[in-house]
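# Descriptive structure summary
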Amino acid sequence: MIRVTVWNEFKHEIRNPEVAAIYPEGIHGCIASFLGANDDMEIKTATLDMDEHGLTDEVLDNTDVLIWWGHLAHGSVRDDIVEKIYKKVHRGMGLIALHSAHNSKIFHKLMGTTCSLRWRDNAREHIWCVNPSHPIAKGVPADFRIDREEMYGEFFDIPAPDELVYIGWFNGGEVFRSGCVFNRAHGKIFYFQPGHETNPIFHMPEIQKIITNAVRYVYNENKAEDVACAHTPAVE
């Protein structure tokens, strides 16, 4: 079983009736619902206002893949929790960062850059797969359209992805590296751009399939106990 924790700051759904109508159980609830339909996944959720943001040592010790959605409250996430997640990723926990999670503390820390980008509301996006043999693209159309989404455009200040799976084109002419994989020590990170809170993105079958595939791809059953620099005796 792949043990997945879906984390969401859970602010928009409480404050904005439009978002609550789209995601009555929260964005985390929506993602947990479609992932929970898979027999090989065990799903739990966590939110910002829970004790330790719902990411206690016990929760993280029993998480193989962490999914992160945040927007309004990046600065409210405790630095010590970020540090624990950072170490867990290096030891082999998978991380999927969705949409505005590009500006989260954990994504900044793992990328080592500003992760800044261009943005604009209410654009039309066309998603194109640029790596059709990649496991994250399995069973997903080669291209599909999102009628209304928040535009994210280049320049996106991230390190060069280890694997680029999707790019997005917007009707204002912008392009964006929309689906990127990064390797960090024993862990894998997938950043996926679609997912603005006022649009029903996570109800789309194409998006659900990509996230489901990504969970399986970033999962690592052979986690490392430690990644510290250690003196090693000769083997020959």
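This section reports on the structure supplied with the text. Computed from a prediction, not measured in an experiment: that's the story for all the values here.

### Observations concerning the overall build of the protein chain
Counting secondary structure elements, the protein chain contains seven helices and nine strands. Dimensions of the protein chain, computed from C-alpha atoms along their principal axes, come out at roughly 60 × 40 × 35 Å. Scored against the burial criterion, the 236 residues of the protein chain give a buried share of 53%. Restricting the contact set of the protein chain to residue pairs at least 6 apart, pairs at least 24 apart contribute 72%. Surface accessibility of the protein chain: about 10,700 Å² in total, with carbon and sulfur atoms responsible for 50%. Taking the 23 positively charged and 34 negatively charged side chains of the protein chain as two groups, their mean positions are separated by 2 Å.

### As for the side chain of Ser100
Position of Ser100 among the secondary structure elements: in the loop between strand E4 (94-98) and helix H6 (105-111). Residue class for Ser100 comes out buried when judged on its relative accessible area of 3%. Ignoring sequence-local partners within four residues, the contact set of Ser100 consists of Gly70, His71, His74, Glu150 and Tyr152.

### Focus on the pairing of strand E7 (residues 163-170)
Sheet topology note: the strand E5 (residues 118-129)/E7 ladder contains five bridges and is antiparallel. Bridging across to E7, His126 finds its partner in Trp169. Hairpin connection from E7 to strand E8 (residues 175-184): four residues lie between these consecutive antiparallel strands, with Gly173 at a positive phi of about 100 degrees.

### A short note on the packing of aromatic side chains
Taken as a whole and assessed by the stated rule, the structure comprises nine aromatic pairs. Seen in terms of ring centroids, Trp7 and Trp68 are 3.8 Å apart; in terms of plane orientation they differ by 15 degrees. Their pairing is stacked. Of the two residues, Trp7 is situated in strand E1 (residues 2-8) and Trp68 in strand E3 (residues 65-69); the sequence distance between them amounts to 61 residues. Assigned by exposure class, Trp7 and Trp68 land together as buried. Ring plane angle 50 degrees and centroid distance 6.2 Å describe the contact between Tyr23 and Phe202, whose orientation is recorded as tilted. Placement of the pair is Tyr23 in the loop between helix H2 (17-22) and helix H3 (26-35) and Phe202 in the loop between strand E9 (187-192) and helix H7 (205-218), with a sequence separation of 179 residues. The buried category is assigned to Tyr23, whose relative accessible area is 2%. We classify Phe202 as buried; its relative accessible area is 0%. Of the aromatic side chains, those joined through ring pairs into one cluster are Phe107, Tyr152, Phe156, Phe176, Phe182 and Tyr191. We note Lys109 situated over the ring of Tyr86; from NZ or CZ to the ring centre the distance is 4.5 Å.

### A look at unusual backbone geometry
A cis amide bond links Glu154 to the next residue, Phe155, at an omega of 15 degrees. A positive phi angle, near 60 degrees, is found at Phe10, a position not held by glycine. Topologically, Phe10 is positioned in the loop between E1 and helix H1 (12-15). With relative accessibility at 25%, the residue Phe10 sits in the partly exposed group. Notably, His53 is not glycine yet its phi reads approximately 60 degrees, a positive angle. In this fold, His53 is placed in the loop between strand E2 (41-47) and helix H4 (57-61).

### A look at H7
In this model, H7 (14 residues) spans 20 Å end to end at C-alpha, consistent with the 20 Å of a helix rising 1.5 Å per residue. For H7, the complete set of buried residues consists of Ile207, Ile210, Ile211, Thr212, Asn213, Ala214, Val215, Tyr217 and Val218.

### Concerning the pattern of salt bridges
Considering all chains together, one arrives at 14 salt bridges under this definition. Between Arg3 and Asp64 there is a salt bridge, with its nearest N and O atoms 3.0 Å apart. One end of the pair, Arg3, is in strand E1; the other, Asp64, is in the loop between H4 and E3, with 61 residues separating them in the sequence. Since its relative accessible area comes to 23%, Arg3 is described here as partly exposed. Taking relative accessible area as the criterion, Asp64 reaches 3% and is therefore assigned buried. The closest approach of N and O atoms between Asp40 and Arg216, which form a salt bridge, is 2.8 Å. Of the two residues, Asp40 sits in the loop between H3 and E2 while Arg216 sits in helix H7, which places them 176 residues apart along the sequence. With relative accessibility at 27%, the residue Asp40 sits in the partly exposed group. Here the salt bridges share partners, and the residues they tie into one network are Arg3, Asp64 and Lys223.

Definitions and cut-offs
- Residues numbered from 1 in each chain as written.
- Predicted model: local features only at pLDDT ≥ 70, side-chain atom pairs only at ≥ 80, totals over all residues.
- Heavy atoms only, no water.
- Helix = DSSP H or I, 4+ residues; strand = E, 2+ residues; numbered from the N terminus.
- Buried < 20%, exposed > 50% of the residue type's maximum accessible area, 1.4 Å probe, protein only.
- Contact = heavy atoms within 4.5 Å.
- Areas by Shrake-Rupley, 256 points an atom, 1.4 Å probe, with all protein chains shown as cover.
- Lys, Arg positive; Asp, Glu negative; His and termini not counted.
- Charge placed at Lys NZ, Arg CZ, Asp CG, Glu CD.
- Pairing = 2+ DSSP bridges.
- Phe/Tyr/Trp six-rings, centres within 6.5 Å; stacked < 30°, edge-to-face > 60°.
- Lys NZ or Arg CZ within 6 Å of the ring centre and 35° of its normal.
- Expected span 1.5 Å × (residues − 1).
- Salt bridge = Lys/Arg side-chain N within 4 Å of Asp/Glu carboxyl O.

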